[in-house]
Amino acid sequence: GAPRQRQRSTALEPSHPRPREPVVASDRGDCARVDATPTAPRISSAGGVSCESPCTTPAKRQSLEGPKPRQGAMLRRVVACLSLATAARGLRVTRRGAAAVAATSVAGAAIQPARAERPPDFVTKQPGFTQLPSGLQVKDVKTGEGAVATRGDRVVYEWEGYTIGYFGRPFEKKAGTRGGDFEGERDYSRFVVGKGEVVPALEEGVVGVKEGGVRQIIFPPELGYPMIGDERLGNMADPSHERVGPKPSSFSGSRALDFVLTSKGDNLDKTLLINFKVVRVDKPGGKYRF
């Protein structure tokens, strides 16, 4: 009958499925229509290969392309960068500004006097001493009797030295200067006045002293042992003190003197004190030839 005829027609239908109707993607993200045309592979924004179709859901698209950066974190990062840039702009130092600051510093340093770094006079000046125009301070302890030392004479003397600007430590010590009496000491030193064999302070200070006379001299570094360049750098021109004396006779004395001379900067007063006694004055062509 009729039912048997209907089954036969159904069996004659083709076995392949009919094309599906396109499905439209809804706003909820679920696919309502599937496009029959496949989509060609493309490069995703995350750098991977995507074969998605136009109806791919947002969740599936995110799994294929990789996780997107959070907009809130990026916004906070941008705001932080802008804040740092604004702060750095206020602290920025240009080359022109740095050059102006350096020029101002140099100009200020040039205006200062040369003795601005030296100790004031009330620190270095000692009571009872007479200050000469050169800055040398002299004090006669004992007036001698005999020949007077002048330029060109050879002076035989004995001496003591102290770092009066640095705790008064001795760098040359004899038996003592009781009343200016050096008798009993026979280890004498010698130099010719005006030949530069001793520090300028001693050459200037010995002039006018008679045989047997005792004098004390206080002098700044400018009249002391020779230095290379600025004396505040502490570079000695004659570290052994062989060319320019007087030379300390002991190792400990040399160390005490060199410690003061080689100190850098203005943290240490390099003023020195020398006591000397003129034992003999040899005149050119006299009894003691030189």
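Look up a bit, the structure's there.
Residues numbered from 1 in each chain as written. Predicted model: local features only at pLDDT ≥ 70, side-chain atom pairs only at ≥ 80, totals over all residues. Heavy atoms only, no water.

(A) The overall build of the chain, seen in detail. Scanning the chain from terminus to terminus reveals seven helices and eleven strands. Sorting the 290 residues of the chain into buried and exposed places 31% on the buried side. The contacts in the chain between residues at least 6 apart in sequence include a share of 64% that link residues at least 24 apart. With the model as given, the accessible surface of the chain reaches about 19400 Å², and the carbon-plus-sulfur share is 55%. (Helix = DSSP H or I, 4+ residues; strand = E, 2+ residues; numbered from the N terminus. Buried < 20%, exposed > 50% of the residue type's maximum accessible area, 1.4 Å probe, protein only. Contact = heavy atoms within 4.5 Å. Areas by Shrake-Rupley, 256 points an atom, 1.4 Å probe, with all protein chains shown as cover.)

(B) Structural view of the nonpolar core. Counting residues in each nonpolar core, the largest one holds 29 residues, and the members touching the most others are Ile217 and Phe276. At the level of secondary structure, the elements contributing two or more residues to this core comprise strand 7 (154-163), helix 6 (200-206), strand 10 (214-219), helix 7 (251-261) and strand 11 (272-282). Top contributing element to this core by residue count: strand 11, with five residues. Phe276 has contacts with Tyr157, Glu158, Trp159, Leu202, Gly205, Val206, Val209, Gly213, Val214, Arg215 and Ile217, leaving out every residue within four places of it along the chain. (Core = buried A, V, L, I, M, F, W, Y, C linked by side-chain atoms within 4.5 Å.)

(C) Local environment of the packing of aromatic side chains. Tallying each qualifying case throughout the model produces four aromatic pairs. Taken together, a centroid distance of 4.8 Å and an interplanar angle of 70 degrees make the contact between Tyr166 and Phe167 edge-to-face. By relative accessible area, Tyr166 is classed as buried at 18%. Since its relative accessible area comes to 67%, Phe167 is described here as exposed. Among the aromatic side chains, those forming a connected cluster through ring pairs are Tyr166, Phe167 and Phe259. Between Arg280 and the ring centre of Tyr288, over which it is positioned, the NZ or CZ distance is 3.9 Å. (Phe/Tyr/Trp six-rings, centres within 6.5 Å; stacked < 30°, edge-to-face > 60°. Lys NZ or Arg CZ within 6 Å of the ring centre and 35° of its normal.)

(D) Geometry of the pairing of strand 8 (residues 169-172). As paired strands, strand 7 and strand 8 are joined by three bridges and run antiparallel to one another. By the bridge assignment, Gly161 is partnered in strand 8 with Glu172. Taken together, strand 7 and the strand that follows it, strand 8, pair antiparallel across an intervening segment of five residues, in which Phe167 is found at a positive phi of about 65 degrees. (Pairing = 2+ DSSP bridges.)

(E) Focus on the environment of Thr262. Summarising the element assignment, Thr262 is placed in the loop between helix 7 and strand 11. For the pair Thr262 and Glu231, spaced 31 residues apart in sequence, the C-alpha separation works out to 8.4 Å. Non-local contacts of Thr262, meaning those with residues more than four positions away in its chain, are made with Gly234 and Met236. A polar side-chain atom of Thr262 sits 2.5 Å from the main-chain carbonyl oxygen of Asp258. (Polar contact = N/O pair within 3.5 Å; in protein donor to acceptor, adjacent residues only side chain to side chain.)

(F) View of the pattern of salt bridges. Counted by the stated rule, this structure contains nine salt bridges. Across the salt bridge formed by Arg215 and Asp140, the nearest N and O atoms sit 2.6 Å from each other. One end of the pair, Arg215, is in strand 10; the other, Asp140, is in strand 6 (residues 137-142), and 75 residues separate them in sequence. A salt bridge links Lys173 to Glu160, with the nearest nitrogen and oxygen atoms 3.8 Å apart. Placement of Lys173 in the loop between strand 8 and strand 9 (189-192) and of Glu160 in strand 7 is noted, with a sequence separation of 13 residues between them. Three or more residues are tied together by salt bridges with common partners; here these are Arg154, Arg280 and Asp282. (Salt bridge = Lys/Arg side-chain N within 4 Å of Asp/Glu carboxyl O.)

(G) Focus on the layout of surface pockets. If you add up the space inside the second largest pocket, you get close to 150 Å³. Lining the second largest pocket are 13 residues, and of these Glu197, His241, Gly245, Pro246 and Lys247 sit closest to its centre. Mapped by element, the contributors of at least two residues to the lining of the second largest pocket are strand 7 and strand 9. The element that contributes the greatest number of residues to the lining of the second largest pocket is strand 9, accounting for three residues. Its residues assigned to classes, the lining of the second largest pocket comprises five nonpolar, three polar and five charged. (1 Å grid on protein atoms, 1.4 Å probe; cavity = no way out; pocket = protein on both sides within 12 Å on 5 of 7 lines; lining within 4 Å. Points joined across faces, edges and corners; volume = space filled by probe spheres on them. Nonpolar A, V, L, I, M, F, W, Y, C, P; charged D, E, K, R; others polar.)

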